[in-house]
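One-letter residues, chain by chain:
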Amino acid sequence: MVGVPMNYQRKRILIYSVLAGLFTILLLLVSIGLSSSGYRLWGSSAAPALVDYQVDAQIDESPSQAPVEVYTFVEDKPVPSLEITPDLPLIEEPKLPAASTVTLDTYVPVPAPVLAATPSAASEIKGTIQSTTKPAPMPSKISIPVLNYHSVTIDPGNVVVISPAKLEEQLAYLHNHGFTPVSLTTFISLIEGKGVEAAPEKPVLLTFDDGYIDNYEQAMPLLTKYSFPATLFISPGTSDQEGYLNWEQIKKMQEAGWDIQPHGMTHPHLPQLSADQQAYEILEARKQIEEKLGTKADVYCYPYGEYNKTTLKLLKDHGFRYAFTIEQGYATNQQSPYLLKRLFINGEESLKSFIRKLSTHD
Ligand SMILES: [Zn+2]
């Protein structure tokens, strides 16, 4: 009985001391392990929270701070780089006018990309084109509006006919806004660059086609009122027809300051005619005008605006100086002398539209 409790007590002591030894070894192992990873044994219960916090903080801070810095840095960079790029064409700009001897035709395509990149530079470049081409051997561009009228009467809906009231409105506009209608002789001098010093500020040539009798009855008195000269293109073959001017009237218009020039004998479609027929139409009209009026009639106007190579050759071979088309635009010294443009006056258009047309350069 006694032996049993003795053994039991010894066993308990033994077990406790073994457990104590194991615990001590465990503690030693733990302490060695933790100390090698840099953490103290004490407060190890709080350590995981600290470690977690620190790790979290590092993870949170690094992604939130780093991208912001990178972002603002990246954002900052393009701004100065954007400011630099527009500067590049501006720096190149002065180089363009340096090529002052380049002709207008080859020069124009060069600034095209620059114009697209910086619209504000467009006007500057245009300005330099004009100023740099002026001193070039080629004469500077001379543009003169040539207005193209026909019949002057009341015929609503007919765009080729202008009412006397509307014609007067337009003449008054020209008079009040510094335009100077010029004679054909003055027009030719200006387009040839002669007497430019004495040139009126806004020269304009008024032309009337076909020789309608209303030009004598309606237009002439109005032009006389404003002391405006004009040019009349007639087809002498129509001079005895009703509604057309006769030679007596034509003579009076010439005396009133109108230049009388040929428009074919019978107002033909020239390209449909043989060379001989064309020659007759062109030369006979000139001959009759020169004989009847004692003037030079070497400025032609194509009936219907139509011509072909034969027409152009005839005009050249027979010493015509200029010819007017119905191509729309200002007449300029850069056009062929046989292909001068005009501005068609639509009898139905408003004064506003007339003004816009007059101020639109080609
Ligand atoms: Zn005509």
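What comes next concerns the included structure. As the structure is a prediction and not an experimental result, all values here were calculated from the model. (Residues numbered from 1 in each chain as written. Predicted model: local features only at pLDDT ≥ 70, side-chain atom pairs only at ≥ 80, totals over all residues. Heavy atoms only, no water.)

## Comments concerning the pairing of strand β8 (residues 258–262)
Okay, step 1: Across the 5 residues that make up β8, a large majority, 5, are buried.
Okay, step 2: A two-sided burial pattern is seen for β8, the buried positions comprising Trp258, Ile260 and Pro262 on one face and Asp259 and Gln261 on the other.
Okay, step 3: Two elements, strand β7 (residues 230–234) and β8, share 5 bridges in a ladder whose sense is parallel. Considered in β8, the bridge of Ala230 is made with Trp258.
Okay, step 4: In the classification by handedness, the crossover that spans β7, the intervening helix α11 (residues 247–255) and the parallel β8 is right-handed. (Buried < 20%, exposed > 50% of the residue type's maximum accessible area, 1.4 Å probe, protein only. Helix = DSSP H or I, 4+ residues; strand = E, 2+ residues; numbered from the N terminus. Pairing = 2+ DSSP bridges. Right-handed = clockwise from strand over helix to strand, strands pointing away.)

## Looking at helix α12 (residues 275–293)
Okay, step 1: The end-to-end C-alpha separation of α12 is 27 Å, in line with the 27 Å expected for 19 residues at 1.5 Å each.
Okay, step 2: Along α12, the residues that are buried comprise Gln278, Ala279, Glu281, Ile282, Glu284, Ala285, Arg286, Gln288, Ile289 and Leu293.
Okay, step 3: Buried residues along α12 sit in contact with β7, α11, β8, β9 (299–301) and α13 (309–317).
Okay, step 4: Where α12 ends, the next residue or the one after it, Gly294, has phi of about 65°, a positive value. (Expected span 1.5 Å × (residues − 1). Contact = heavy atoms within 4.5 Å.)

## Description of the packing of helix α8 (residues 164–176) against helix α10 (residues 213–225)
Okay, step 1: Two numbers describe how α8 lies on α10: the axes approach to 10 Å, and their chain directions differ by 25°. In terms of their interaxial angle, α8 and α10 are classed as roughly parallel. Between α8 and α10 lies a crossing whose hand is right-handed. Between α8 and α10, the residues in contact are Pro164, Leu167, Glu168 and Leu171 and Gln218, Ala219, Leu222, Leu223 and Lys225, respectively.
Okay, step 2: Its residues placed into classes, the contact of α8 with α10 shows 6 nonpolar, 1 polar and 2 charged. (Axes fitted to C-alpha atoms, helices over the stretch in contact; angles between N-to-C directions. Parallel < 35°, antiparallel > 145°, perpendicular 65-115°, else oblique. Left-handed = near helix turned anticlockwise from the far one by under 90°. Nonpolar A, V, L, I, M, F, W, Y, C, P; charged D, E, K, R; others polar.)

## Here's the deal with the packing of α10 against α11
Okay, step 1: Across the interface, α10 lies against α11 with an axial gap of 9 Å and an inter-helix angle of 35°. The way α10 lies across α11 gives a crossing that is left-handed. Touching Ile213, Asn215, Tyr216 and Met220 of α10 are Gln249, Lys252 and Met253, all from α11.

## Brief notes about the environment of Arg342
Okay, step 1: Structurally, Arg342 is set in strand β12 (residues 340–344).
Okay, step 2: As a C-alpha pair, Arg342 and Gly329 span 13 residues in sequence and 5.4 Å in three-dimensional space.
Okay, step 3: Only 3.1 Å separates the side chain of Arg342 from the side chain of Thr207, close enough to count as a polar contact. (Polar contact = N/O pair within 3.5 Å; in protein donor to acceptor, adjacent residues only side chain to side chain.)

## Quick look at the pattern of salt bridges
Okay, step 1: Across all of its chains, the model carries 7 salt bridges by this definition.
Okay, step 2: Among the salt bridges present, the one from Lys252 reaches Glu248, with a minimum N-O distance of 3.9 Å. Pair noted here: Lys252 and Glu248 are both in helix α11, with a separation of 4 residues, about one helical turn.
Okay, step 3: Lys357 is the salt-bridge partner of Glu349, the closest N and O atoms lying 3.0 Å from each other.
Okay, step 4: Exposure remark for Glu349: the relative accessible area of 9% places this residue in the buried category. (Salt bridge = Lys/Arg side-chain N within 4 Å of Asp/Glu carboxyl O.)

All quantities given are derived from atomic positions and should not be read as evidence of function.
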